[in-house]
Amino acid sequence: VVSIRCGNTRRQAPLDVASSYSLKFPSKRSSLTEPLKIDVLRPVATARLVLLPDEDDYSIGFLDQPEMAIGLSVKSGQEGGEDAENGPEAAPNPLTGKADSASSARDYLETHGLLRYVQSLLHAIIQVKPKDPYVFMMDQLAASKAQRRPHPASGETGRPATVPAAPPA
């Protein structure tokens, strides 16, 4: 990856892409007063993090560098309003019986973002192909830094505060 900084603007691209396409900057050459900063970067470690729907703070380790970890805070670009991807919330299904039960289950899963989260989690597992996918899933669930919050209906927590470590192999 090549990283080029011009004033306060930074552009990054894979080296082969940067050699074939122009990286555009808002400054004109005649107005530049400081040199460009050019870095060629190499990945040191890689991790994939599946984001929880209502979570901002995470701590994740790297599979290829177990001594490394990073904490991050993820903020949404769109606050409030309808979901940019899914549009307005769907109206409840007026059917009764099994269809009503299925609708209720779907609504619950959508309300808590579980379908999207599990799909993202499975996508990450397929991409990373970890040696132990169950440990990978537990690490993803444990990556959230959120404090345990009591469930409003039952007093139970919505997710565990910690995930027990896997027993030694």
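Refer to the preceding data block for the structure.
Residues numbered from 1 in each chain as written. Predicted model: local features only at pLDDT ≥ 70, side-chain atom pairs only at ≥ 80, totals over all residues. Heavy atoms only, no water.

From N to C terminus, the chain includes four helices and five strands. Reading the chain from its N end, one meets helices and strands in the order β-β-α-β-β-β-α-α-α. For the chain, the share of sequence-separated contacts (at least 6 apart) that also reach a separation of at least 24 residues comes to 41%. (Helix = DSSP H or I, 4+ residues; strand = E, 2+ residues; numbered from the N terminus. Contact = heavy atoms within 4.5 Å.)

Glancing now at the pairing of strand β2 (residues 9-13). Pairing of strand β1 (residues 2-6) with β2 involves five bridges; the strand directions are antiparallel. Each residue of the ladder has a partner; that of serine 3, found in β2, is glutamine 12. In sequence, β1 turns back onto β2 through a hairpin of two residues, with glycine 7 there showing a positive phi of about 65°. (Pairing = 2+ DSSP bridges.)

Turning our attention to the side chain of glutamine 140. Mapped onto the secondary structure, glutamine 140 falls in helix α4 (residues 133-142). Glutamine 140 gets classed as buried once you look at its relative accessible area, which sits at 2%. Excluding residues within four positions of it along the chain, glutamine 140 makes contact with Arg48, Leu49, Val50, Ile60, Tyr117 and Leu121. (Buried < 20%, exposed > 50% of the residue type's maximum accessible area, 1.4 Å probe, protein only.)

Along the polypeptide, lysine 131 turns up in the loop between α3 (114-128) and α4. Each C-alpha atom of the pair lysine 131 and leucine 63 lies 9.8 Å from the other, and the pair is 68 residues apart in sequence.

As a further point, take the sheet that holds strand β3 (residues 37-40). Overall, antiparallel pairing links the three strands, which are arranged β2-β1-β3 in an open sheet. Here the strands that pair on one side only, and so sit at the sheet edges, are β2 and β3. Averaged over all pairs of adjacent strands, the angle between strand axes in this sheet comes to 15°, irrespective of strand direction. In this sheet, β3 lies alongside β1 in antiparallel orientation, the contact comprising four bridges. Bridging across to β3, valine 2 finds its partner in valine 40. (Axes fitted to C-alpha atoms, helices over the stretch in contact; angles between N-to-C directions.)

Turning next to a nonpolar patch on the surface. Where nonpolar side chains cluster on the molecular surface, the patch consists of Leu32, Leu36 and Ile38 and spans about 260 Å² of accessible area. Of note, leucine 36 is situated in the loop between α1 (15-20) and β3. (Patch = residues over 30% accessible without salt bridge, like charges linked within 9 Å, V, L, I, M, F, W, Y side chains within 5 Å. Areas by Shrake-Rupley, 256 points an atom, 1.4 Å probe, with all protein chains shown as cover. Salt bridge = Lys/Arg side-chain N within 4 Å of Asp/Glu carboxyl O.)

So, on to the environment of phenylalanine 25. As for its position among the elements, phenylalanine 25 is in the loop between α1 and β3. With 15 residues separating them along the chain, phenylalanine 25 and arginine 10 place their C-alpha atoms 8.2 Å apart. Apart from the residues within four sequence positions on either side, phenylalanine 25 is in contact with Ile4, Cys6, Thr9 and Arg11.

Note that all results are geometric; they support no functional claim without further evidence.
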